[in-house]
Amino acid sequence: MSTPTYLGMPALPPRSPYGTGNLRGDRTFPRAAHDELRNGQLRRNLGKATHTIRAKRLAVTGELPDWEALRDAGSAIKTDTMNRLPELLEQLEAKVTEAGGTVHWARDGAEANDIVTRLVQQTGSDEVIKVKSMATQEIGLNEHLADQGIKAHETDLAELIVQLADDKPSHILVPAIHRNRDEIREIFRAGIPGVDPELDSVPAHLAAAARAYLREKFLTTPVAVSGANFGIAETGTLSVVESEGNGRMCLTLPDTLITVMGIEKVLPRYADLEVFLQLLPRSSTGERMNPYTSLWTGVTPGDGPQNFHLVLLDNGRTAALADRIGRQALNCIRCSACLNVCPVYERAGGHAYGSTYPGPIGAVVTPQLAGMDVSADDPNSSLPYASTLCGACYDACPVKIDIPSLLVELRHQHTEATGRTAEKLAMKAAAAVMGRPGVYRAAQKAAGLGRVVAGRDGKISHLPPPFNGWSDSRDTPAPPKRSFRAWLASAEGASALRAAAEEGARTRTEADGPDEEEQ
Amino acid sequence: MRIGLFATCLGDTLFPDAVRATAVLLARLGHELVFPPDQTCCGQMHVNTGYQREPVPLVRGFAEQFGDPSIEAVVMPSGSCAGSVRHQHGIVAERYGDAALRAGVATVQAKTYELSEFLVDVLGVTDIGAYFPHRVTYHPTCHSLRLLRVGEKPLRLLRAVEDIDLVELPEADACCGFGGTFAVKNAETSSAMLADKMRHVTGTGAAVCTAGDSSCLMHIGGGLSRIEAGTRTLHLAQILASTRTSPYVLPSTPLEATR
């Protein structure tokens, strides 16, 4: 007989700890948007960029006859993956280890940062080159390394722009989408040592300046840190897809490669790449295929990095997985198609979300990873409301994540977690009125009193808080004298409907001709 | 057909002319209308704002009032309310209801239609003898477009209207920025979206911007009124109900037209 083992009390898995990493802004979405909306340059940059990417995406997804089937396949593979995440992760660990890599498990961002720091310190280097990575952005790795005296060089062009400007990314795929070429020229002139002071803002010249600067970093830095787009459980293969070739440099030139991967990035089989390598580039950059797809399995003697470490990051993902409805958000492959079609993102920009993950998917992923605090002004609690639920994101998502439904679900979780609020009381009151037809009819009559506050033109131009934001740019019609039901119950209503029925019958008779009159 | 008419709380209270037009239209097509007097609201605002317990009585009320098997179809002049019945009532019933409510909801969901899909899909008509000699542009509304997938149906109805000058709305599928309580909670972002929508609407030179949802029209119309634009908003049903014998007369001020 085996001895019973005490497993402890079941508890919800932890979220990303409060106050760590980049999963919470410093103000609510409406407050942040208030400032961002005043930035006309940002609006123009974003509008131009998102409209261009939208058109490209529609062209390359529309040309595939099996695009919808691919989306279904992507969704099914991801759902299956989440349903058996623990076994797939253990399989991935075994295969990576077998191939000469070392796997580390990080419960949260702080643990992952410590692991990476220790690994870098072991190499003796005080510099690392980086492939653009959402996971390391999420945990604030660069800042942590800097605190430990290690300089991280971003090598993706847009990430470099953001880093040199001491700015934050505002888009998953195009981190500097909020910058135009003139701003970039200024950033390069101030931030790249020895750059030509006459540098102009021609894109090719800007790229060449970055290339010259980065080439030296690639050739002299012995450690690289990357993220991963996919990790294949079946073979232990990791993959990064990119456009600039900087990733290929980072993944092949240094002695040591450290990859930080969110645990939801695992895929069961190598063959699954067939689906995702079609879905991802077409959805993200609007290209049929991205220029560079790097795949590596552990360590190959004499070829590429001789030390490979994989850091598997939880940081709230298991908490999201525990949510029956919310776990769908873990299916995200970070293509950013939802950002590019989102009318809210287009106006407010990525910084308004306060998180590494902006836009519609950010509004569902961020609160799930880092939680929504019950305090009234927690920025993350405002994110699920930063959407009109227009549904453009759902249509664009390559793995069919029902983002509008997830937003509604998170709003429900939020209202359930908060105590009494003025809004909750108002909602209860509204439901109480709507739930009692007699009271509703009386309230309807009372609404007619709104005519009193309206001007002579029948418009209400000013409303008290919290409706003042509405009335700042919209007139509201005064309620009419008579509701529909009052009209319907009136002699006028009855005769109007009778007249309509008679008119219709007459028209049909004329159209059908006398022969069919008897029908 | 015996049709249950759901006026929607917004239509019943603030925009009765759109519901009247819907009733007149259906009567003219020879159908019998039933108006369950205890109907109020579908509960969409509650669910979309995060409240799912509170609207349980509304969901139950809807299922009871329209559950009568003699009602063959439930029709409403609102894409978002039809979307709420078809997509949200099940969620509420599943979470906070009992087996009876879940069954009742499933029954009414299956026979609930937004006006344009009812006309085109169920009745199989596109030309309903309407006459509207004005320049019109059509805003498809997000829930009609992406939740109900009404597609071209409203446009097919509009194209069949006699003497209409139907002009395409640029970036028609972009949200107007309403989103229910979004327009209150995120009023500034909403206003920025509205400004772009209004620019596209007024750019068409249309006398009327139409849609299948009074809530979106309240938003667009409220904005057009504020900037004193020449374009009015008018529910799709009001255009379709306008005939040569009883034509719709365009009012002088924009807000009047929304009513």
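Criteria and cut-off values
Residues numbered from 1 in each chain as written. Chains lettered and ligands numbered in written order. Predicted model: local features only at pLDDT ≥ 70, side-chain atom pairs only at ≥ 80, totals over all residues. Heavy atoms only, no water. Helix = DSSP H or I, 4+ residues; strand = E, 2+ residues; numbered from the N terminus. Buried < 20%, exposed > 50% of the residue type's maximum accessible area, 1.4 Å probe, protein only. Contact = heavy atoms within 4.5 Å. Areas by Shrake-Rupley, 256 points an atom, 1.4 Å probe, with all protein chains shown as cover. Lys, Arg positive; Asp, Glu negative; His and termini not counted. Charge placed at Lys NZ, Arg CZ, Asp CG, Glu CD. UniProt positions renumbered as here; feature names shortened; annotations may be inferred. Buried area = accessible area lost by both parts, 1.4 Å probe. Salt bridge = Lys/Arg side-chain N within 4 Å of Asp/Glu carboxyl O. Polar contact = N/O pair within 3.5 Å; in protein donor to acceptor, adjacent residues only side chain to side chain. Nonpolar A, V, L, I, M, F, W, Y, C, P; charged D, E, K, R; others polar. Domains from an automatic or database assignment. Axes fitted to C-alpha atoms, helices over the stretch in contact; angles between N-to-C directions. Left-handed = near helix turned anticlockwise from the far one by under 90°. Phe/Tyr/Trp six-rings, centres within 6.5 Å; stacked < 30°, edge-to-face > 60°. Core = buried A, V, L, I, M, F, W, Y, C linked by side-chain atoms within 4.5 Å.

What follows is about the overall build of chain A. What chain A contains, in helices and strands, is 25 helices and 12 strands. Considering only C-alpha atoms, chain A reaches an extent of 95 × 80 × 60 Å along its principal axes. For chain A, with 519 residues in total, the buried portion stands at 54%. Once local pairs closer than 6 in sequence are excluded, the contacts in chain A between residues at least 24 apart make up 73%. Element-wise, carbon and sulfur atoms account for 54% of the exposed surface of chain A, whose accessible area totals about 23000 Å². Within chain A, the 64 negative side-chain charges are centred at a point lying 7 Å from the centre of the 56 positive side-chain charges.

Residue and element names in this part refer to chain B. UniProt annotation of "domain: Cysteine-rich" (unreviewed entry) refers to residues 4–85 and 136–220 when read in the numbering used here. End C-alpha to end C-alpha, residues 4–85 measures 14 Å, and it is 50% helix and 11% strand. Helix makes up 48% of residues 136–220 and strand 12%, and the two end C-alpha atoms of the span are 14 Å apart.

Another aspect to go through is the interface of chain A and chain B. With 71 residues of chain A at the interface, the matching set in chain B holds 71 residues. Taken together, both faces of the contact between chain A and chain B bury some 6100 Å²; the carbon and sulfur share is 57%. Interface area lost by chain A to chain B is led by Met427, Trp470 and Phe484 of chain A, which between them contribute 12%. Connecting chain A to chain B are 12 salt bridges. Our enumeration of links across chain A and chain B arrives at 42 residue pairs in polar contact (both at pLDDT 80 or more). Partitioning the side of chain A that touches chain B into residue classes produces 33 nonpolar, 17 polar and 21 charged.

The next subject is the domain arrangement of chain A. Taken domain by domain, chain A holds domain 1 (29–320), domain 2 (432–480) and domain 3 (487–512). Between domain 1 of chain A and domain 3 of chain A, the C-alpha centre-to-centre distance is 66 Å.

Take the packing of helix α4 (residues 56–66) of chain B against helix α5 (residues 79–96) of chain B next. All names here are of chain B. Running from N to C, α4 and α5 cross one another at 120 degrees; their axes reach a closest spacing of 10 Å. Between α4 and α5 the crossing geometry is left-handed. Within the contact between the two elements, α4 uses Val56, Val59 and Phe62 and α5 uses Val85, His89, Val92 and Tyr96. Classifying every residue of the contact of α4 with α5 by side-chain character gives six nonpolar, one polar and no charged.

With that settled, consider the UniProt feature "domain: LUD" (unreviewed entry) in chain A. In this structure's numbering, the residues bearing the UniProt feature "domain: LUD" (unreviewed entry) are residues 89–299 of chain A. In residues 89–299 of chain A, helix accounts for 44% and strand for 19%; the two terminal C-alpha atoms are 19 Å from one another.

All names here are of chain B. For chain B, the domain assignment lists domain 1 (2–122) and domain 2 (135–257). Each of domain 1 and domain 2 was reduced to a C-alpha centroid, and the two centroids are 22 Å apart. Each side of the interface is counted separately: domain 1 has 28 residues, and domain 2 has 24 residues. Summing both partners gives a buried area of about 2100 Å² for domain 1 against domain 2, and 66% of it is carried by carbon and sulfur. Counting across the domain 1 and domain 2 interface gives one salt bridge. Here Asp121 makes a salt bridge to Lys153, at a shortest N to O gap of 2.9 Å.

Residues and elements named next belong to chain B. With the rule as written, the count across this model stands at 12 aromatic pairs over all chains. Plain terms: the ring middles of Phe6 and Phe66 are 5.9 Å apart, the flat faces sit at 90 degrees to each other, and that makes the pair edge-to-face. One end of the pair, Phe6, is in the loop between β1 (2–5) and α1 (9–13); the other, Phe66, is in helix α4, with 60 residues separating them in the sequence. Using a relative accessible area of 1% as the deciding quantity, one classes Phe6 as buried. For Phe66, a relative accessible area of 0% corresponds to the buried category.

Residues and elements named next belong to chain A. Judged by nonpolar contacts, the single largest core of 72 residues is most densely connected at Phe29, Phe276 and Ile361. Residues in contact with Phe276, not counting those within four places in the same chain, are Gly74, Ile77, Lys78, Phe230, Leu267, Pro281, Ile333 and Val399. Leu89, Ile184, Leu214 and Trp296 belong to the second-largest nonpolar core, a separate cluster that totals 45 residues.

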